[in-house]
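Structure at a glance
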Amino acid sequence: MDKKSAQNPLDLKPSHFGDDFVWGVSTAAYQIEGAYDMHDKSTSIWDRFTSRKGNIFDDQHGQVASDFYNRYKEDILLMKAMNIPNFRFSLSWTRLMPDGYEKGSKAGTDFYNRIIDFCLECGITPWVTLYHWDLPQVLEDKGGWTNRDMLGWFQEFTYYCAAAFGDRVKHWMVLNEPMVFTGAGYFLGVHAPGRKGLKNFLPAIHHATLCQAIGGVILRSEAPGSSIGTTFSCSQITPNSQRPKDLVAAQKADALLNRLFIEPTLGLGYPSEHIKVLRQIEKYQMPEDEKASVFEFDFIGIQNYTREVVKHSYAVPYLRAKIIKASKRNVPTTLMDWEVYPPSIHRMISKFSAYEGVKKIIITENGAAFKDTIINGEVQDPKRLAYIQDYLRQVYKAKAEALKVAGYFAWTFTDNFEWAEGYYPRFGLVYVDFNTQQRTIKSSGKWYKEFLSDKG
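From a predicted model like this one, the values you see are computed outputs, not experimental measurements.

Some remarks on a positive patch on the surface
A surface patch of like charges, here positive, comprises Lys-311, Lys-322, Lys-325 and Lys-328. In this fold, Lys-322 is placed in strand E9 (residues 321–324).

Some remarks on the layout of surface pockets
Of the pockets and cavities examined, the second largest pocket occupies roughly 260 Å³. Along the wall of the second largest pocket there are 15 residues; nearest its centre are Gly-269, Tyr-270, Glu-282, Gln-285 and Glu-290. Residue classes in the lining of the second largest pocket are distributed as six nonpolar, five polar and four charged.

Describing empty space enclosed by the protein
Summed over the entire model, instances satisfying the criterion amount to six cavities of 30 Å³ or more. Lining the largest cavity are 13 residues, with Ala-29, Tyr-30, Gly-34, Lys-41 and Arg-95 positioned closest to its centre. Secondary structure elements with two or more residues in the lining of the largest cavity: helix H2 (29–32) and helix H5 (93–96). Its residues assigned to classes, the lining of the largest cavity comprises three nonpolar, five polar and five charged. One number sums up the size of the second largest cavity: a volume of about 70 Å³. What lines the second largest cavity is Glu-177, Pro-178, Met-179, Phe-232, Ser-233, Leu-256, Leu-257, Asn-258, Arg-259, Leu-260, Phe-261 and Ile-262. The set of elements that each furnish at least two residues to the lining of the second largest cavity consists of helix H9 (178–186), strand E5 (227–233) and helix H11 (244–259). At four residues, H11 tops the list of elements feeding residues into the lining of the second largest cavity.

Quick look at the side chain of Gln-303
Mapped onto the fold, Gln-303 is located in strand E7 (residues 299–303). Its relative accessible area of 1% is what places Gln-303 among the buried residues. A polar atom in the side chain of Gln-303 sits 3.2 Å from the side chain of Asn-176. Separated by 2.9 Å, the side chains of Gln-303 and Thr-364 make a polar contact. Once residues within four sequence positions are removed from consideration, Gln-303 is found in contact with Arg-88, Asn-176, Glu-177, Thr-231, Phe-232, Ser-233, Cys-234, Thr-364 and Glu-365.

What about the sheet that holds strand E10 (residues 361–365)?
Ordered by their spatial adjacency, eight strands build a closed barrel running E1-E2-E3-E4-E5-E7-E10-E13, and the pairing between neighbours is parallel. For this sheet, the mean angle separating the axes of adjacent strands, direction not counted, is 25°. Relative to strand E13 (residues 405–411), E10 runs parallel, the two being bridged by two bridges. When the bridges of E13 are listed, Ile-363 appears paired with Tyr-408. Its contacts with the sheet place helix H16 (residues 443–453) against strand E1 (22–26) and E13, and it is angled at close to 160° to E1.

Considerations on helix H10 (residues 198–222)
Over its 25 residues, H10 extends 35 Å from the first C-alpha to the last, a length consistent with the 36 Å expected when each residue adds 1.5 Å. For H10, the buried fraction is high: 20 of the 25 residues fall into the buried class.

A few points about the sheet that holds strand E8 (residues 307–312)
Ordered in space as E6-E8-E9, the three strands form an open sheet in which the pairing is mixed. Because the sheet does not close on itself, it has two edges, and the strands there are strand E6 (236–239) and E9. Ignoring strand direction, the axes of neighbouring strands in this sheet form an average angle of 40°. When E8 meets E9, the two strands line up antiparallel, connected through four bridges. Bridge pairing links Val-309 to Ile-324 in E9.

A few points about the packing of helix H15 (residues 382–400) against H16
Helix packing geometry: the angle between the two helix axes and the distance between the axes. In the contact formed by H15 and H16, the axes pass within 8 Å of each other and the chain directions differ by 35°. Residue-level inspection shows Pro-382, Arg-384, Leu-385, Ile-388, Gln-389 and Leu-392 of H15 in contact with H16, the latter providing Ser-443, Ser-444, Trp-447 and Phe-451. Here the contact of H15 with H16 is composed, by residue class, of six nonpolar, three polar and one charged.

Structural notes on the environment of Gln-63
Considering the arrangement of structural elements, one finds Gln-63 in the loop between helix H3 (45–50) and helix H4 (68–81). Taking the relative accessible area as the measure of exposure, Gln-63 reaches 31% and is therefore partly exposed. With 48 residues separating them in the primary sequence, Gln-63 and Ser-15 have C-alpha atoms 41 Å apart.

Points about the pairing of E13
With seven of seven residues buried, E13 is to be regarded as a mostly interior element. As paired elements, E1 and E13 share five bridges and run parallel to each other. Across the sheet, Val-25 pairs through a bridge with Ala-410, a residue of E13.

As for the pattern of salt bridges
Counted by the stated rule, this structure contains 26 salt bridges. Across the salt bridge formed by Lys-106 and Asp-110, the nearest N and O atoms sit 2.7 Å from each other. One end of the pair, Lys-106, and the other, Asp-110, are both in helix H6 (residues 106–121), four residues apart, so they sit about a helical turn from each other. Take Lys-106: its relative accessible area is 62%, and that puts it in the exposed class. Asp-110 gets classed as partly exposed once you look at its relative accessible area, which sits at 27%. The closest approach of N and O atoms between Arg-259 and Glu-263, which form a salt bridge, is 2.8 Å. Under the relative-accessibility criterion, Arg-259 is labelled buried at 9%. Because the salt bridges share partners, they merge into one network encompassing Asp-372, Asp-381, Arg-384, Asp-415, Arg-426 and Lys-442.

Here we look at the confidence of the model for the protein
When pLDDT is averaged along the protein, the result is 96; 98% of the residues meet or exceed 70. A low-confidence stretch, residues 1–8 stays under pLDDT 50, and its non-local contacts, those more than four residues away or across chains, total five contacts.

About the cut-offs
Residues numbered from 1 in each chain as written. Predicted model: local features only at pLDDT ≥ 70, side-chain atom pairs only at ≥ 80, totals over all residues. Heavy atoms only, no water. Patch = residues over 30% accessible without salt bridge, like charges linked within 9 Å, V, L, I, M, F, W, Y side chains within 5 Å. Areas by Shrake-Rupley, 256 points an atom, 1.4 Å probe, with all protein chains shown as cover. Salt bridge = Lys/Arg side-chain N within 4 Å of Asp/Glu carboxyl O. Lys, Arg positive; Asp, Glu negative; His and termini not counted. Charge placed at Lys NZ, Arg CZ, Asp CG, Glu CD. Helix = DSSP H or I, 4+ residues; strand = E, 2+ residues; numbered from the N terminus. 1 Å grid on protein atoms, 1.4 Å probe; cavity = no way out; pocket = protein on both sides within 12 Å on 5 of 7 lines; lining within 4 Å. Points joined across faces, edges and corners; volume = space filled by probe spheres on them. Nonpolar A, V, L, I, M, F, W, Y, C, P; charged D, E, K, R; others polar. Buried < 20%, exposed > 50% of the residue type's maximum accessible area, 1.4 Å probe, protein only. Polar contact = N/O pair within 3.5 Å; in protein donor to acceptor, adjacent residues only side chain to side chain. Contact = heavy atoms within 4.5 Å. Pairing = 2+ DSSP bridges. Axes fitted to C-alpha atoms, helices over the stretch in contact; angles between N-to-C directions. Expected span 1.5 Å × (residues − 1). pLDDT = per-residue confidence, 0-100.

Here's what the structure looks like:
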């Protein structure tokens, strides 16, 4: 094996995926920005949620995070040095519209204008997510995603963002993982705002579905020529056995985790034939809602990390299905206790490609958390490197099969605040010392740099 092959054991080049295949990294505002009280930024649901003891690992918070607010130039220059051509980031609603829906903030708008302009100056294309979970607390106090007024609030926020940035931003994502922010935040209560139960979950589902389409319609009108998408979390669902009850349980889990938001967007309605309790969404529906939920996105972002093995369980209400933890199955895992299972990403590309209404698929997140240690100024992370390479082989397989995949964004650029898990799991290609904010490119990041430089 020659030296170059040893550096790139993937044996694939970006050119193998096609000249129009998109490569990049993904981030989210609350997870990296910090500066939680700078200028006129208001409190977000995550600012409030992290202030309550017991909600987050070690009672950590995102008040400083990776300090991207003050270090954005340093980080964007590092991206440029790592040959990363596309940068996905989100807009903090509380920074742009502190009161939620009426008045914009000049300071917040100027901050994102600086980011966008500097990206373009560095030859990096900005990909912007409108909503990545940091709802203004002032709106949550009025019911947040459970309140139908959210449709109007989100409309005003989208109009504002399109007007402020649509002249330069040509790639948009409306929502990030609505299944996660509604399920974890409004049903299980383990994410902000910490609400629980069907009475919160069902209206939140419906209003997020409608806002997804509302955002798409506004962006298409106000930011003409843009490519507009939205993103979904997804995992391959495998039944624990071929017993009929386990097969039904897997079918229900798949409907909830993989189909709940994509199908109404495509005009197929909610998958209530497999999850009967979803029929209760009808009490929150208005006559035109089914039609208003539909939007023809230019691309769908799918975010895959693992697969889930599911068995029947009477103890789980409504679903009668239980996920068997990866740590109980004697399989390779990440720090998140997610199974390392590369075929899952191929399965999800295939699944979403099968929808007639899906034009294009971008992998908008994929990555892994492992224990990283800085030794003599370097971070060797062979498990993450192997994970990325093995998943990319599956993405290439899907591309070679003429499935609709057209891009790959690694999660994430720098280590960050990982929601309820705090700073314990590190997903970054770049190591962050959270005491000094010093950045160190990990061996996986060095590999990604070399991979992206090899265009021929």
